[in-house]
Amino acid sequence: MKILIAEDEPTQRALLRATLIKRGYEVEAVSDGESAWKVLQRSDAPQLVLLDWMMPGTSGPEVCRRLRQRSDAPYVYVILLTAMDNLDDMIEGMQSGADDYISKPFDARALEARLRAGIRILTLQSELLNAQKMLEFRASHDPLTGIWNRRAVLDRLCEELARVEREATSSGVIMADIDYFKQVNDRYGHLAGDEVLQAVAQRMKATLRPYDFLGRYGGEEFLIVLPGCDGKKAYEAAQRIRNAVCAAPVRLSSSVTIPVTLSLGVTACPCGKKVEAVSIIEPADRALYLAKNGGRNRVEWLPEAASAEA
């Protein structure tokens, strides 16, 4: 655990630093509140802070108040160091946002106990945040392939359609389907089918830009949203995806290899027009149907004019 010390008195600062280093902490020390505030704004700022109450310029309680006004940064656990023992002063310090306080001259054992309490709080907070992130991920991602799930990718599509209308730009939409996937399940089993789905999703994702959206639309079908792409660019992207998927057979964990191909239907959002998600998915789905009927392992494109009429 890294700890920030803000103490203007050199002897006290040196004593605190030596005490904490001896107990195995990583320490950064500054001599005033403004320097402490600069450190706390860094991306690698310590989350545990010892702040002297009275410092030149910016006081410890003022640094606390600034910290508590932030909403977009990790929580910082603050212990105020003070020579004041008046109850009203203590209340003021805690109301400023401090989590605890310790009187000067400090007792090393009392300081260690307060630091351990702070570490417990920060550890619990980290665990809760990680659990929250995991729940958010599970709510928006397909558990098998790790890409966006149907609801989440449709949400991304709706956001992109609103941007297309607002900024009079374009966006490509692709519907993709694994060819003869039922035969894979029937011949090799559903676990093999799961491995194929995972491999195809990863191959597709590897060909896309970081800001493209890839989601599992249902079963072996995928929806891809390509911000900034017109129909021609979306068609080219679909061909790259198709080539990436069929470039090599999928090797299962059982060492069996299965050739896999993909059929894709492409369309694009009409620039600057209000379009509902269903109105842009429908022509992409029709294009996918054409690709399937045209022999599979191919890309079909319904241009913007056709999608606008749909």
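Up top is the structure these notes are about.
Just so it is clear, the structure is predicted and the values come from calculations on it, not from any experiment.

What counts, and at which threshold
Residues numbered from 1 in each chain as written. Predicted model: local features only at pLDDT ≥ 70, side-chain atom pairs only at ≥ 80, totals over all residues. Heavy atoms only, no water. Buried < 20%, exposed > 50% of the residue type's maximum accessible area, 1.4 Å probe, protein only. Helix = DSSP H or I, 4+ residues; strand = E, 2+ residues; numbered from the N terminus. Pairing = 2+ DSSP bridges. Right-handed = clockwise from strand over helix to strand, strands pointing away. Axes fitted to C-alpha atoms, helices over the stretch in contact; angles between N-to-C directions. Contact = heavy atoms within 4.5 Å. Core = buried A, V, L, I, M, F, W, Y, C linked by side-chain atoms within 4.5 Å. Salt bridge = Lys/Arg side-chain N within 4 Å of Asp/Glu carboxyl O.

Caption draft 1: Molecular detail of the pairing of strand S4 (residues 77-82). Burial analysis of S4 places six of its six residues in the buried class, the great majority of the element. Going residue by residue along S4, you find Tyr77, Ile79 and Leu81 tucked away on one face and Val78, Leu80 and Thr82 tucked away on the opposite face as well. Direction of pairing for strand S3 (residues 48-52) relative to S4: parallel, over a ladder of five bridges. Note that in S4 the partner of Leu51 across the bridge is Leu80. What joins S3 to S4 is helix H3 (residues 60-69), and the crossover it makes is right-handed. Of the pairings in the sheet, the one linking S4 to strand S5 (residues 100-103) comprises four bridges and is parallel in character.

Caption draft 2: Focus on the sheet that holds strand S6 (residues 171-178). The strand order across the open sheet built from five strands is S7-S8-S6-S11-S12, with neighbouring strands paired in mixed fashion. The open sheet is flanked by strand S7 (213-218) and strand S12 (299-301), the only strands paired with a single partner. Averaged over all neighbouring strand pairs, the angle between strand axes comes to 20 degrees, with direction disregarded. Sheet analysis places S6 next to strand S11 (residues 262-268), joined by seven bridges and oriented antiparallel. For Ile178, the partnering residue across the bridge sits in S11 and is Leu262. Those strands touched by helix H9 (residues 231-246) are S6, strand S8 (221-227), S11 and S12, and its axis lies near 165 degrees from that of S11.

Caption draft 3: The nonpolar core, seen in detail. In terms of nonpolar packing, the biggest core is built from 31 residues, with Ile178, Val196, Val200, Met204, Phe222, Ile241 and Leu262 touching the most fellow members. In terms of residues, this core owes the most to one element, helix H8 (residues 190-207), which gives six residues. Among the nonpolar cores identified, the runner-up in size contains 18 residues, and Ala36, Val49, Cys64 and Val78 belong to it.

Caption draft 4: Just the sheet that holds strand S2 (residues 26-30), in detail. The strand order across the open sheet formed by five strands is S2-S1-S3-S4-S5, and the pairing between neighbours is parallel. Lying at the two open borders of the sheet, with one neighbouring strand each, are S2 and S5. Between one strand axis and the next, the sheet turns through 20 degrees on average, direction left out of account. Relative to S2, strand S1 (residues 2-6) runs parallel, the two being bridged by five bridges. Bridged to Lys2 within S2 is Glu26. Strand contacts of helix H5 (residues 108-140): S1, S3, S4 and S5, with the helix running at about 160 degrees to S4, the strand carrying the most contacts.

Caption draft 5: Main features of the pattern of salt bridges. By the definition in use, this model includes 27 salt bridges. Of the charged contacts in the structure, one is a salt bridge between Lys2 and Glu28, with a shortest N-O distance of 3.5 Å. One end of the pair, Lys2, is in strand S1; the other, Glu28, is in strand S2, and 26 residues separate them in sequence. Given a relative accessible area of 22%, Lys2 falls into the partly exposed group. Here Arg298 makes a salt bridge to Glu300, at a shortest N to O gap of 2.9 Å. Given a relative accessible area of 32%, Arg298 falls into the partly exposed group. Three or more residues are tied together by salt bridges with common partners; here these are Lys2, Glu28, Arg42 and Asp44.

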